Amino acid sequence: MAGSVNKVILVGNLGKDPEVRHSQSGQKIVSFPLATSDTWNDRQSGERRERTEWHRIVIFSERLADVAERFLRKGRKVYLEGSLQTRKWQGQDGKDNYTTEIVLPRFGGELTILDTRHTEEGEQSGGYSNAPRNSGTRDNGGQAGGWDAPQSNAGLDDEIPF
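What counts and how
Position numbers for residues start from 1 in each chain and track the written sequence from start to end. Residue-level local features of this predicted model are given only where pLDDT is at least 70; pairs of side-chain atoms are given and counted only at 80 or more, and the full residue set underlies all totals for whole chains, interfaces and linings. As a rule here, side-chain values come from all non-hydrogen atoms in the structure, and water together with hydrogens is ignored. Each helix corresponds to a stretch of at least 4 residues labelled H or I by DSSP, and each strand to a stretch of at least 2 residues labelled E; elements are numbered beginning at the N terminus. Buried residues are those whose accessible area, probed at 1.4 Å on protein chains only, stays under 20% of the maximum for their type, while exposed residues exceed 50% and partly exposed ones sit between those limits. Computed with the Shrake-Rupley method and a 1.4 Å probe, the accessible areas treat only the protein chains shown as cover for residues. Any N or O atom pair separated by 3.5 Å or less is treated as a polar contact, with the protein-specific requirement of one donor-capable and one acceptor-capable atom, and with residues adjacent in sequence counted only for side-chain atom pairs. Summary of the metric used: pLDDT quantifies the predictor's per-residue confidence within the range 0 to 100. We call two residues contacting when some pair of their heavy atoms lies within 4.5 Å. At least two DSSP bridges between two strands are needed for those strands to be called paired. We count a salt bridge whenever a side-chain nitrogen from Lys or Arg sits within 4 Å of a carboxyl oxygen from Asp or Glu.

(A) Layout of the overall build of the protein. A count of helices and strands for the protein gives one helix and eight strands. If you list the helices and strands of the protein from N to C, you get β-β-β-β-α-β-β-β-β. Within the protein, the proportion of its 162 residues that are buried is 33%. Taken as a whole, the protein presents about 11,100 Å² of accessible surface, with 46% of it coming from carbon and sulfur.

Structure, rendered in structure tokens:
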């Protein structure tokens, strides 16, 4: 295999409001827990079962951190893309500890708010990305608060060509 891929895509609900802190260089860092759930019917009892996994999300992108700080609250449903990172740290007892996180880096992460709650300003929240403007992803051009304006369908045929 020539290369490798470290990409995580999650759809889940925030477990608590985002926590905002700043690095020594002044960079904003936002973190929050995200819950994803699986449901199934137990074959033997026929009962509905559910398992919830908790993920620690860390946002290093300044723009996505601003969006998260401004619009995300406990219970909001989000779609996000990032990478899996495990870091090692020492506890107060001197033992090595490991934490695995989903990281939205300074460039390349994506965050989309999936529920349609309205903000205090009356705007509908939407999708935000660090991708370049012409990449085909939803991007708000640096302005928080909503989706890009819908594109006009003038001149397009109603039939799908395939």
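(B) Highlighting the side chain of Asp 115. Among the secondary structure elements, Asp 115 is positioned in the loop between strand 7 (110–113) and strand 8 (127–129). From its side chain, Asp 115 meets the backbone nitrogen of Lys 77 in a polar contact 3.3 Å long.

(C) The confidence of the model for the protein, seen in detail. The predicted model of the protein averages 80 in pLDDT, with 71% of residues at 70 or higher. Element-level pLDDT for the protein is lowest in strand 8, with a mean of 53, against a maximum mean of 97 in strand 1 (residues 8–14). Segment residues 119–125: pLDDT under 50, and 18 contacts once partners within four positions in sequence are set aside and those in other chains are kept.

(D) Quick peek at the pairing of strand 2 (residues 19–22). Pairing between strand 2 and strand 3 (residues 28–41): four bridges, direction antiparallel. Residue pairing across strands places His 22 opposite Lys 28, the latter belonging to strand 3. Joining the antiparallel neighbours strand 2 and strand 3 is a turn of five residues, in which Gly 26 adopts a positive phi near 95°.

(E) Spatial organisation of the environment of Pro 33. Looking at the element boundaries, Pro 33 is found in strand 3. A C-alpha to C-alpha distance of 9.7 Å links Pro 33 and Gly 12, two positions 21 residues apart in sequence.

(F) Spotlight on the pattern of salt bridges. In the structure shown here, the tally under the stated rule is nine salt bridges. Notably, a salt bridge pairs Asp 66 with Lys 28, separated by 2.7 Å at the nearest N-O pair. You can see Asp 66 sitting in helix 1 (residues 62–71) and its partner Lys 28 sitting in strand 3, a full 38 residues away along the chain. For Asp 66, a relative accessible area of 33% translates into the label partly exposed. Asp 115 serves as the salt-bridge partner of Arg 76, at 2.8 Å between the closest nitrogen and oxygen. Highlighted residues: Arg 76 in the loop between helix 1 and strand 5 (77–90) and Asp 115 in the loop between strand 7 and strand 8, separated in sequence by 39 residues. Per residue, the accessibility class of Arg 76 equals that of Asp 115, and both read buried. Because the salt bridges share partners, they merge into one network encompassing Lys 28, Asp 66 and Glu 69.

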